[in-house]
Amino acid sequence: MSSDTTLAKAPAAPDDPPVHADELPIVPQRRYGQWTAAAAVLVLLGLAVTSVLRNRAFQWGVVADYFTTDSVLRGLWLTLWLTVVVMVLGFALGTLLAAARLSANPVLRAVSWGYVWLFRSIPILVQLLLWFNIGALYPHLFGVRTVDLFTPIAVAIIGLTLHEAAYAAEVVRGGILSVDRGQIEAAQALGLSRWRRWWRIVLPQAMRAIVPPAGNMLIGTLKGTSIVSVIAVQDLLFSVQLVYHRTYQVIPLLMVATLWYTVVTSVLSVGQYYVEKRYARGTGAAR
């Protein structure tokens, strides 16, 4: 028998057994750059916190003494009250403006657009100062002296409300436009009245788009009320200013206001999270 025949009849070497994908070892990806950056950030954050806590210029003992004084709490209460009033009135007026902007009437659309354009163009501080000095233009209104009619509190409410309404109008309009037109047409086909269409169909879906920016506006309004201190409204900032003008302890009193703003803003942020979660149910966006 020839060697070629012998080689032809030799059994072939068995193939290696197949390796399944689930038997392969899983090696996590190395992210050395991210961990290095995170460590650097933590070190810098620790140094900053240590510097703030150990810096005697902050006078944390003075901060603790004034944190819950009557004058500070009265200023805090006025700040919260002013925030609620401005947000309620601002969104009420903003909703009317949004409805006018979406109206088929060209005059209403033009007036609404002009209002939003004007009040978003003028800085809020300028608006407050204009309203505060309105008596120079109109000494008497409705038979009453303007300076008596437009008190600092009234000026703060009017100025902030008109300013917030311009932004609220765009928030509400954007939320309404986010609702699919087919939803409204389906409600019309079912014979639902206009009120029920808006209350049962449009508004619940629009709230998903309205709540996040509205929550941001609420927090922004809370912090923005500090600007009324320039017209002598005794809000939180003005209250601490009265104290440090007397005691010359500027930094610790400003820290009192800072901590109160931080506490209230944090509470509002938590509330915003749960409200957003509620309106996001069934959309896959709830978390």
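Residues numbered from 1 in each chain as written. Predicted model: local features only at pLDDT ≥ 70, side-chain atom pairs only at ≥ 80, totals over all residues. Heavy atoms only, no water.

## Brief notes about the packing of aromatic side chains
One pass over the structure, following the stated rule, counts six aromatic pairs. Each ring, one from Trp113 and one from Trp117, has its centre 6.2 Å from the other, and the planes form 5°; the classification is stacked. Of the two residues, Trp113 and Trp117 are both situated in helix α5 (residues 106-121); the distance of four residues between them amounts to about one turn of the helix. (Phe/Tyr/Trp six-rings, centres within 6.5 Å; stacked < 30°, edge-to-face > 60°. Helix = DSSP H or I, 4+ residues; strand = E, 2+ residues; numbered from the N terminus.)

## Some thoughts on the nonpolar core
Judged by nonpolar contacts, the single largest core of 17 residues is most densely connected at Val72, Leu236, Val240, Val256 and Trp260. Of all the secondary-structure elements, those providing two or more residues to this core are α4 (70-101), α11 (236-247) and α12 (250-279). With seven residues, the single largest contributor to this core is α12. Sequence-distant contacts of Val240, that is, excluding residues within four places in its chain, are made with Val72, Leu253, Val256 and Ala257. Of all hydrophobic cores here, the second largest spans 16 residues; its members include Ala98, Ala168, Met207 and Ala214. (Core = buried A, V, L, I, M, F, W, Y, C linked by side-chain atoms within 4.5 Å. Buried < 20%, exposed > 50% of the residue type's maximum accessible area, 1.4 Å probe, protein only. Contact = heavy atoms within 4.5 Å.)

## Points about the confidence of the model for the protein chain
On average, residues of the protein chain score 86 in pLDDT, and 89% of them are at 70 or above. Highest mean pLDDT in the protein chain belongs to α5 (95); lowest belongs to helix α1 (residues 3-9) (49). (pLDDT = per-residue confidence, 0-100.)

## With respect to the side chain of Thr146
Take Thr146: it is sitting in helix α7 (residues 146-149). In this structure Thr146 comes out as buried when scored by relative accessible area, which is 1%. Of the polar contacts made by the side chain of Thr146, one reaches the backbone nitrogen of His140; its length is 3.4 Å. Excluding residues that lie within four positions of it along the chain, Thr146 makes contacts with Ile134, Gly135, Tyr138, Pro139, His140 and Leu141. (Polar contact = N/O pair within 3.5 Å; in protein donor to acceptor, adjacent residues only side chain to side chain.)

## Focus: unusual backbone geometry
A positive phi angle, close to 65°, is found at Ala232, a residue other than glycine. Residue position: Ala232 is located in the loop between α10 (194-224) and α11.

## Focus on the packing of α10 against α12
Contact geometry for α10 and α12: axes closest at 10 Å, N-to-C directions at 180°. Judged by the inter-axis angle, α10 sits roughly antiparallel to α12. On the side of α10, the interface is formed by Pro204, Met207, Arg208, Val211, Pro212, Gly215, Asn216, Leu218, Ile219, Leu222 and Lys223, while α12 contributes Tyr261, Val264, Thr265, Leu268, Ser269, Gln272, Val275, Glu276 and Tyr279. Partitioning the contact of α10 with α12 into residue classes produces 12 nonpolar, five polar and three charged. (Axes fitted to C-alpha atoms, helices over the stretch in contact; angles between N-to-C directions. Parallel < 35°, antiparallel > 145°, perpendicular 65-115°, else oblique. Nonpolar A, V, L, I, M, F, W, Y, C, P; charged D, E, K, R; others polar.)

## Describing the UniProt feature "transmembrane region" (unreviewed entry) in the protein chain
Listed under "transmembrane region" (unreviewed entry) in the UniProt record, and renumbered for this structure, are residues 32-54, 75-100, 112-132, 226-244 and 250-271. Overall, residues 112-132 shows 90% helix and 0% strand. The separation of its end C-alpha atoms is 25 Å. (UniProt positions renumbered as here; feature names shortened; annotations may be inferred.)

## Some details on the pattern of salt bridges
Under the definition given, this model contains three salt bridges. Residue Glu170 is joined to Arg101 by a salt bridge in which the shortest nitrogen-to-oxygen separation is 3.1 Å. Within this pair, whereas Glu170 is found in helix α8 (residues 152-177), its partner Arg101 is found in helix α4, the two being separated by 69 residues in sequence. Close ionic contact of Arg145 with Asp148 constitutes a salt bridge, the shortest N to O distance being 3.8 Å. Through salt bridges with shared partners, one network takes in Arg101, Glu170 and Arg173. (Salt bridge = Lys/Arg side-chain N within 4 Å of Asp/Glu carboxyl O.)

## Let's talk about the packing of α11 against α12
Following both chains from N to C, one finds α11 and α12 inclined at 165°, their axes separated by 8 Å at the closest point. Viewed along their axes, α11 and α12 adopt a mutual orientation that is roughly antiparallel. Crossing of α11 against α12: the hand is right-handed. Taken together, the residues of α12 that come into contact with α11 (itself represented by Leu236, Leu237, Val240, Val243, Tyr244 and Thr247) are Val250, Leu253, Leu254, Val256, Ala257, Trp260 and Tyr261. (Left-handed = near helix turned anticlockwise from the far one by under 90°.)

## Here we look at the side chain of Glu164
With respect to the secondary-structure elements, Glu164 resides in helix α8. Here Glu164 occupies a buried position and makes no salt bridge, while the nearest side chain of opposite charge, Lys223, is found at 11 Å. With residues up to four places along the chain from it excluded, the contact list for Glu164 reads Val86, Met217 and Thr221. (Lys, Arg positive; Asp, Glu negative; His and termini not counted.)

## Regarding the layout of surface pockets
As a volume, the largest pocket reaches approximately 1,100 Å³. Considering the residues around the largest pocket, the lining is formed by 37 residues, among which Thr95, Val172, Ile176, Trp198 and Leu203 are closest to the centre. Looking at the lining of the largest pocket, the elements that each hand over two or more residues are α4, α8, α9 (181-189), α10 and α12. When residues in the lining of the largest pocket are grouped by element, the largest group, 14 residues, is from α10. (1 Å grid on protein atoms, 1.4 Å probe; cavity = no way out; pocket = protein on both sides within 12 Å on 5 of 7 lines; lining within 4 Å. Points joined across faces, edges and corners; volume = space filled by probe spheres on them.)

## Section: α11
In this model, α11 (12 residues) spans 17 Å end to end at C-alpha, consistent with the 16 Å of a helix rising 1.5 Å per residue. Buried residues along α11 sit in contact with α3 (60-66), α4 and α12. The positive-phi residue at the C-terminal boundary of α11 is Tyr248, with phi of around 65°. (Expected span 1.5 Å × (residues − 1).)

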